[in-house]
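This is what each chain is made of:
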Amino acid sequence: MLVLLVEIALAVKGNKPTILLNNDAESQAFFRKLSAEKVYIVENVEDAIATIKTILANS
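The structure presented is a predicted model; accordingly, all values stated were derived computationally and were not measured. (Residues numbered from 1 in each chain as written. Predicted model: local features only at pLDDT ≥ 70, side-chain atom pairs only at ≥ 80, totals over all residues. Heavy atoms only, no water.)

Note that strand 1 (residues 18–21) and strand 2 (residues 39–42) share 4 bridges and pair parallel. Counted as the bridge partner of Leu 21 is Val 42 from strand 2. With helix 2 (residues 25–34) bridging strand 1 and the parallel strand 2, this β-α-β connection has right-handed handedness. (Pairing = 2+ DSSP bridges. Helix = DSSP H or I, 4+ residues; strand = E, 2+ residues; numbered from the N terminus. Right-handed = clockwise from strand over helix to strand, strands pointing away.)

Okay, the environment of Pro 17 next. Mapped onto the fold, Pro 17 is located in the loop between helix 1 (2–13) and strand 1. Pro 17 sits 19 residues away from Ala 36 along the chain, and the two C-alpha atoms are 10 Å apart. Leave out the neighbours within four places in its chain, and Pro 17 touches Lys 38, Tyr 40 and Ile 55. (Contact = heavy atoms within 4.5 Å.)

Attention now moves to the packing of aromatic side chains. Here a ring pair, both rings aromatic, is described through the centre-centre distance and the interplanar angle of the planes. Evaluation of the coordinates by the stated rule reveals 1 aromatic pair. Where Phe 30 meets Phe 31, the ring centres are 5.0 Å apart and the plane angle is 80°; that geometry is what we call edge-to-face. Assessed through its relative accessible area of 2%, Phe 31 is described here as buried. (Phe/Tyr/Trp six-rings, centres within 6.5 Å; stacked < 30°, edge-to-face > 60°. Buried < 20%, exposed > 50% of the residue type's maximum accessible area, 1.4 Å probe, protein only.)

Attention now goes to a nonpolar patch on the surface. The grouping of Leu 21, Val 45 and Ile 49 at the surface amounts to a nonpolar patch, some 240 Å² of accessible area in total. Structurally, the position occupied by Ile 49 is in helix 3 (residues 45–57). The class for Ile 49 is partly exposed, based on a relative accessible area of 43%. (Patch = residues over 30% accessible without salt bridge, like charges linked within 9 Å, V, L, I, M, F, W, Y side chains within 5 Å. Areas by Shrake-Rupley, 256 points an atom, 1.4 Å probe, with all protein chains shown as cover. Salt bridge = Lys/Arg side-chain N within 4 Å of Asp/Glu carboxyl O.)

Our next topic: the side chain of Gln 28. By secondary structure assignment, the location of Gln 28 is in helix 2. Judged by its relative accessible area of 17%, Gln 28 falls in the buried class. When sequence neighbours within four positions are dropped, the list of residues in contact with Gln 28 reads Asn 23 and Ile 41.

Below, the structure written as structure tokens:
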């Protein structure tokens, strides 16, 4: 779990769009504090795919 958190933190620090799938409320709040504009919270794979398509379309 620690490795995953480090990877997410590096992506956020690098100003990369980051999608969190089914994370708990505490993790969501922590990463949103770091970068509200680049952290996307989704509940399922379909939402993750839709979010990726939106990110790519806007880049």
